[in-house]
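# Chain and residue survey
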Amino acid sequence: MLTIDDCIALSGLTEAEIAAIAEHEHIPFTAATELGRCLSASDHGLDVVRTMVLDDLWVAQRRGDAVHVRELSGILDDFAANHAEDGTVRYDA
């Protein structure tokens, strides 16, 4: 049986990145791990993940949630650092 930690590891993403997918798509965390795995394996899927995090960040900015903006900014910074080597992820928003 797979644990949630196994699912996170198989996704190629961090727990925070998966949480951002779950938030953006309004789906349970476990479903977001599978979506994240599919996206990280596709040609431009990491760009889709990046866009999801940016969308969540912009929503948090519009509602004035400074704490969540900082959290999502940190996720975006980590995402850019962790996935820049594949050449598909761009950080310019």
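This is a predicted model, so every value here is computed, not measured.

Let's shift gears to helix α4 (residues 45-62). With 18 residues, α4 should reach 26 Å at 1.5 Å per residue; the first-to-last C-alpha distance of 26 Å fits that figure. Close packing links the buried residues of α4 with α2 (15-25), α3 (29-41) and α5 (66-83). Trailing α4 by a residue or two, G64 shows a phi angle of about 75 degrees, which is positive.

Right, let's talk about the confidence of the model for the chain for a bit. On average, residues of the chain score 88 in pLDDT, and 90% of them reach the 70 mark or higher. At the low end of the mean pLDDT range in the chain sits helix α1 (residues 4-11), at 87; at the high end sits α2, at 95.

Between α2 and α4, the least distance of the axes is 9 Å, while the angle of their chain directions is 65 degrees. One finds that α2 runs roughly perpendicular with respect to α4. Here α2 runs over α4; the crossing is left-handed. For the pair α2 and α4, contact is made by A20, I21, E23, H24 and E25 and by V49, M52, V53, D55 and D56, respectively. Of the residues that constitute the contact of α2 with α4, the class distribution is 5 nonpolar, 1 polar and 4 charged.

Further remarks concern the pattern of salt bridges. Enumeration according to the criterion identifies 2 salt bridges in this entry. The partner of R37 in a salt bridge is E34, with the nearest N and O atoms 2.8 Å apart. Pair noted here: R37 and E34 are both in helix α3, with a separation of 3 residues, about one helical turn. The closest approach of N and O atoms between R63 and D65, which form a salt bridge, is 3.4 Å. Classification of D65 by relative accessible area gives partly exposed; the value is 26%.

A separate point is the side chain of E17. Mapped onto the secondary structure, E17 falls in helix α2. R50 provides the closest opposite charge to the buried, unpaired E17, separated from it by 11 Å. Excluding anything up to four places from it in sequence, E17 contacts I75, D78, F79, N82 and H83.

The rules behind these values
Residues numbered from 1 in each chain as written. Predicted model: local features only at pLDDT ≥ 70, side-chain atom pairs only at ≥ 80, totals over all residues. Heavy atoms only, no water. Helix = DSSP H or I, 4+ residues; strand = E, 2+ residues; numbered from the N terminus. Expected span 1.5 Å × (residues − 1). Contact = heavy atoms within 4.5 Å. pLDDT = per-residue confidence, 0-100. Axes fitted to C-alpha atoms, helices over the stretch in contact; angles between N-to-C directions. Parallel < 35°, antiparallel > 145°, perpendicular 65-115°, else oblique. Left-handed = near helix turned anticlockwise from the far one by under 90°. Nonpolar A, V, L, I, M, F, W, Y, C, P; charged D, E, K, R; others polar. Salt bridge = Lys/Arg side-chain N within 4 Å of Asp/Glu carboxyl O. Buried < 20%, exposed > 50% of the residue type's maximum accessible area, 1.4 Å probe, protein only. Lys, Arg positive; Asp, Glu negative; His and termini not counted.

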